[in-house]
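Overview (structure and organization)
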Amino acid sequence: MKKIISVVGARPNFMKVAPIHRAFQRYSSDIEHSIVHTGQHYDAAMSDAFFQDLDMPEPAVFLGIGSGSHAVQTAKVMVEFEKVCENIRPDLVIVVGDVNSTVGCSLVSVKMGIATAHVEAGLRSFDRAMPEEINRIATDAICDYWFVTEQSGIDELHKQGAPQHNIFFVGNTMIDSLHYALPKAKKSQFIHKLGLTEKSYALITMHRPSNVDEPEQLRTLLLMLAELSQLRDIVFPVHPRTRKNIEIFGLSDIITSHPRMHLIDPQGYITFLHLMMNADFVMTDSGGIQEETTALGVPCLTIRTTTERPVTTSLGTNILVQPSPNSIRQALNDMVTLPRKSGQIPPLWDGKAADRIADIIYKIL
Ligand code: UD1
């Protein structure tokens, strides 16, 4: 029996690993697949809700790392994950995405001589001020196998010198989860509970340090949203980091004085999918939401200087907007007055990426 560990830590990891776990069940007589949760995200809304919505089993191990500076968080992940690897002695470790748990666990497993695979490899924003970019570069530099979601990832891994035979273009496991959960998301009544109807509102998410950790930038963004709320209802599930900063920077007034700005708690996966599919458009600074809106054909404005997922702008519905007041105002104005950009589904984003990964890994091990 071969043993495989997949690591999850933060919110965007859960939907990438859920389909991988399901796909390995087809090989359950040869492969034992378990999930290790570092606990980087620990609030029920940021973590537990995703396990339930995605029908994931309880993690085999929970490391309880919690928040901290990047060094503290990553270091704690490494210390605890090393013990897990010593104990379980896996034949393969799978890490996904670009969060601190991804780089921490891959450093541990590679140094212990354990074969390590990175799912969602090769993506680059070329913006080294993003913590995720450093995590992506470091993880890709040391892994043994790379599973890729889009052509830009393959190109980048080639440039980096990764051996061709260990790079696999498999599609996007996050979109596997989207396909899996869509029937449930269609049945949700959440927007009606908010008093809204299909396509009547804009959906907003903002949590990236570059947008929410600097008082003036966060104020600018909230004022733009307040302006937009004259034209559209706004649904804004607020990440804990953003919530904290709105309070600390004294910006709550902007929200309370605009009744069409609906600030709500972070939502589970199915409710958030329901909010995305029914939105008139989405404005975000997330990585994954750029991909999910492209898969759903929902227009998306991404408030960032770069994207590590260029297929979402070249083929999909995503538009990159510079995070300045004028650019955001112009983009929102275009969004509500001009015809929308149409999009296509990127190659292999067909809901079967995890099956491809499991088939490949079964042959490798
Ligand atoms: C992390 C990921 C980011 C991802 C995001 C999705 C890194 C470097 N960043 O950013 O790529 O897009 O998750 O949500 O790994 N907090 C809570 N409860 C929680 C988790 C966090 O209150 O369950 C608060 C804490 O105060 C914490 C802050 O949010 O300090 C930030 O959390 P952290 O995990 O450090 O990074 P994220 O901003 O969530």
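Structural notes, computed from the coordinates.

1. Looking at the site of the ligand
Residues in close proximity to the ligand total 20 residues, the closest being Gln40, His41, Glu132, His239 and Lys244. Note that an oxygen atom of the ligand is positioned 3.4 Å from one of the side-chain N or O atoms of Arg11. One of the side-chain nitrogen or oxygen atoms of His41 is found 2.7 Å away from an oxygen atom of the ligand. Protein contacts shield 88% of the accessible area of the ligand, which totals 740 Å² for the unbound molecule.

2. Observations concerning the sheet that holds strand β3 (residues 61-62)
As a general point, the strands of a sheet are linked pairwise by backbone hydrogen bonds and lie either parallel or antiparallel. Pairing is parallel across the open sheet formed by 7 strands, whose spatial order is β3-β2-β1-β4-β5-β6-β7. Each edge of the open sheet is held by one strand with a lone partner, namely β3 and β7 (167-169). Both strand β2 (residues 31-37) and β3 contribute to a ladder of 2 bridges, which runs parallel. The residue of β3 that forms the bridge with His37 is Phe62.

3. As for unusual backbone geometry
Trans is the prevailing form of peptide bonds, just as negative phi is the prevailing case for residues other than glycine. Positive phi outside glycine occurs at Lys199, with the angle close to 65°. The class for Lys199 is partly exposed, based on a relative accessible area of 41%. At Leu348, a position not held by glycine, the phi torsion is positive, near 70°. Tracing the backbone shows Leu348 in the loop between α16 (325-337) and α17 (353-364). For Leu348, a relative accessible area of 30% puts it in the partly exposed group.

4. So, helix α7 (residues 173-187)
For α7, with 15 residues, the first-to-last C-alpha span of 23 Å sits near the 21 Å given by 1.5 Å per residue. Residue Ala181 marks the point of greatest curvature in α7, where the axis turns by about 50°; the proline Pro183 follows within four residues. Buried within α7 we find Thr173, Met174, Ile175, Asp176, Ser177, Leu178, Ala181, Leu182 and Ala185. Buried-residue contacts for α7 involve α1 (11-24), β5 (115-119), α13 (269-277), α14 (288-296) and α17.

5. Describing the nonpolar core
Core analysis: the largest hydrophobic core is formed by 58 residues, its most contacted members being Met56, Ile94, Phe147, Leu203 and Leu275. Setting aside residues no more than four positions away along its own chain, Leu275 makes contact with Phe190, Ile191, Tyr201, Leu203, Val235, Pro237, Ile264 and Gln267. Judged by nonpolar contacts, the second largest core, of 28 residues, contains Ile204, Ile246, Leu251 and Leu301.

6. A short note on the pattern of salt bridges
In this structure the tally under the stated criterion is 24 salt bridges. Close ionic contact of Arg136 with Glu133 constitutes a salt bridge, the shortest N to O distance being 2.9 Å. In this pair, Arg136 and Glu133 both sit in helix α5 (residues 131-142), 3 residues apart, roughly one turn of the helix. Judged on exposure class, the residue Arg136 and its partner Glu133 are both buried. Two residues, Lys159 and Glu156, come together in a salt bridge whose shortest N-O distance is 3.3 Å. Here the residue Lys159 and the residue Glu156 both occupy positions in helix α6 (residues 151-160), the gap between them amounting to 3 residues, near one helical turn. The class of Glu156 is buried, set by a relative accessible area of 13%. In the salt-bridge network here, residues are joined through shared partners; they are Lys16, Asp98, Glu120, Glu133, Arg136, Glu291, Arg304, Glu308 and Arg309.

7. Thoughts on the pairing of strand β12 (residues 300-303)
Burial along β12 is two-sided: Cys300 and Thr302 and Leu301 and Ile303, pointing in opposite directions, are all buried. Bridge count between strand β11 (residues 281-284) and β12: 3 bridges; the pairing is parallel. Of the residues in β12, the one forming a bridge with Val282 is Cys300. Taking the sense of rotation as the criterion, the β-α-β connection linking β11, α14 and β12 turns out right-handed. Across 4 bridges, the pairing between β12 and strand β13 (residues 318-321) is parallel. Each residue of the ladder has a partner; that of Ile303, found in β13, is Val321.

8. A closer look at the pairing of β5
Within β5, 4 of the 5 residues are buried, leaving the element largely enclosed by the surrounding structure. Note that strand β4 (residues 92-96) and β5 share 5 bridges and pair parallel. The partner of Ile94 across the bridge, within β5, is Ala117. Handedness of the β4-helix α4 (residues 100-111)-β5 crossover: right-handed. Relative to strand β6 (residues 145-148), β5 runs parallel, the two being bridged by 3 bridges. Note on β6: the bridge partner recorded for Val119 is Phe147. Since β5 and β6 lie parallel, the crossover through α5 that links them has a hand, and here it is right-handed.

About the criteria used
Residues numbered from 1 in each chain as written. Predicted model: local features only at pLDDT ≥ 70, side-chain atom pairs only at ≥ 80, totals over all residues. Heavy atoms only, no water. Near = heavy atom within 4 Å. Polar contact = N/O pair within 3.5 Å; in protein donor to acceptor, adjacent residues only side chain to side chain. Areas by Shrake-Rupley, 256 points an atom, 1.4 Å probe, with all protein chains shown as cover. Pairing = 2+ DSSP bridges. Helix = DSSP H or I, 4+ residues; strand = E, 2+ residues; numbered from the N terminus. Buried < 20%, exposed > 50% of the residue type's maximum accessible area, 1.4 Å probe, protein only. Expected span 1.5 Å × (residues − 1). Bend = angle between axes of the 7 residues up to and from the residue. Contact = heavy atoms within 4.5 Å. Core = buried A, V, L, I, M, F, W, Y, C linked by side-chain atoms within 4.5 Å. Salt bridge = Lys/Arg side-chain N within 4 Å of Asp/Glu carboxyl O. Right-handed = clockwise from strand over helix to strand, strands pointing away.

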